[in-house]
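# A closer look at the structure
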Amino acid sequence: LTERECPYCGKSLERFGAAGRLVDAVLPDDVGITKVLVGLAVGLYLLVGVAAGGTAVIAQSVYTLIHFGAGFTPAILDGEVWRLATPIFLHGGILHIGFNVYALWLLGPVLERSFGRARFLILFAATGVLSTAAALAWKVIAPSVFGAIPFGHMLASASINTPMVGMSGALCGLLGAGVTAGHRVKSEAGLAIRNRSLRWMGFLVVFGLIVPNVDNAAHVSGFLVGAALGW
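Calculation criteria
Residues numbered from 1 in each chain as written. Predicted model: local features only at pLDDT ≥ 70, side-chain atom pairs only at ≥ 80, totals over all residues. Heavy atoms only, no water. Helix = DSSP H or I, 4+ residues; strand = E, 2+ residues; numbered from the N terminus. Buried < 20%, exposed > 50% of the residue type's maximum accessible area, 1.4 Å probe, protein only. Contact = heavy atoms within 4.5 Å. Areas by Shrake-Rupley, 256 points an atom, 1.4 Å probe, with all protein chains shown as cover. Core = buried A, V, L, I, M, F, W, Y, C linked by side-chain atoms within 4.5 Å. Salt bridge = Lys/Arg side-chain N within 4 Å of Asp/Glu carboxyl O. Phe/Tyr/Trp six-rings, centres within 6.5 Å; stacked < 30°, edge-to-face > 60°. Lys NZ or Arg CZ within 6 Å of the ring centre and 35° of its normal. Expected span 1.5 Å × (residues − 1).

So, on to the overall build of the protein chain. For the protein chain, the count of helices and strands is nine helices and zero strands. Ordering the α and β elements of the protein chain from the N terminus gives α-α-α-α-α-α-α-α-α. Split into buried and exposed, the 231 residues of the protein chain put 43% on the buried side. Long-range contacts, defined here as pairs at least 24 residues apart, represent 70% of the contacts in the protein chain between residues at least 6 apart. For the protein chain, the accessible area works out to roughly 12100 Å², and carbon and sulfur atoms hold 69% of it.

Right under this line is the structure:
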């Protein structure tokens, strides 16, 4: 999994067009994307907390999150589309970022070795942005949908004025890619990745249905986008 070239045909297993060349130019070979993403998330969390002052390092207010780029639906609908990307690296509290960083630290290296650094980065970014967009869309349409179907209250979205933050949509994208790519490979290692990813996703689904204010739309959409890309 760590080889740069296929031992049978000599085809590159790492590079992915311009994205691959950019990653190779910016990062040394021994620096993984997972480490960079973890460092970026933790660094921004601390930076925002210090800038906001008070107890913001422990838990950040709604005002602080919106000010620093949270996925705020009214602002996005008003044209601030960059808010589809910036929420990935913002977190609402120390437990929130702790769980997400821990999950990324466990999942990231395995999939990064399997896909290569460039593909892994594209997968993380694409599922993060698209899951935020899907969560935004669900916030808009959910009030008119969930009341008309059985158990619809379990699918209810948070308020349209609740800011969206966190990398859980991208993490679910990694899980989706692990499921489909691992299933297609059908090797012992691939099937182990598939089964592990399914267990993680099952936990997140149950967690999202039990705990209030969890963005289930971001989780499910991230998983589906990741599964498509992994396939």
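Moving on from the coordinates now.
It is worth spelling out the side chain of Thr127 at this point. Mapped onto the secondary structure, Thr127 falls in helix 6 (residues 117-145). The class of Thr127 is buried, set by a relative accessible area of 0%.

As a further point, take the nonpolar core. Formed by 32 residues in total, the largest nonpolar core has its most connected members in Leu104, Phe124, Met167 and Leu174. At the level of secondary structure, the elements contributing two or more residues to this core comprise helix 2 (33-52), helix 5 (94-115), helix 6, helix 7 (168-185) and helix 8 (188-210). Not counting residues within four places of it along the chain, the set of residues in contact with Leu104 comprises Thr34, Leu37, Val38, Pro109, Phe120, Phe124, Met167, Leu171 and Leu174. Ile76, Leu84, Ala217 and Ala218 belong to the second-largest nonpolar core, a separate cluster that totals seven residues.

Before going further, it helps to spend a moment on the pattern of salt bridges. A side chain of one charge can pair with a side chain of the opposite charge if their charged atoms are brought near each other. Under the defined criterion, the tally for this structure stands at one salt bridge. The closest approach of N and O atoms between Glu80 and Arg83, which form a salt bridge, is 2.6 Å. Given the relative accessible area of 28%, Glu80 is considered partly exposed. The exposure class of Arg83 is buried, given its relative accessible area of 7%.

Attention now goes to the packing of aromatic side chains. Scanning all chains against the criterion turns up four aromatic pairs. Taking the centre distance of 6.2 Å and the plane angle of 40° together, the rings of Phe89 and Phe124 count as tilted. Highlighted residues: Phe89 in the loop between helix 4 (73-77) and helix 5 and Phe124 in helix 6, separated in sequence by 35 residues. Pair check on accessibility: Phe89 and Phe124 agree, each one buried. Measuring from ring centre to ring centre gives 6.5 Å for Phe99 and Phe207, while their planes differ by 15°; the resulting arrangement is stacked. You can see Phe99 sitting in helix 5 and its partner Phe207 sitting in helix 8, a full 108 residues away along the chain. The exposure class assigned to Phe207 is partly exposed, which follows from its relative accessible area of 34%. Each residue in the set Phe99, Phe203 and Phe207 is aromatic and connected to the rest through ring pairs, giving one cluster. Across from the ring centre of Trp231, 4.8 Å away, lies the NZ or CZ of Arg184, which sits over that ring.

The end-to-end C-alpha separation of helix 7 is 25 Å, in line with the 26 Å expected for 18 residues at 1.5 Å each. Of all 18 residues in helix 7, 15 are buried, a share of seventy percent or more.

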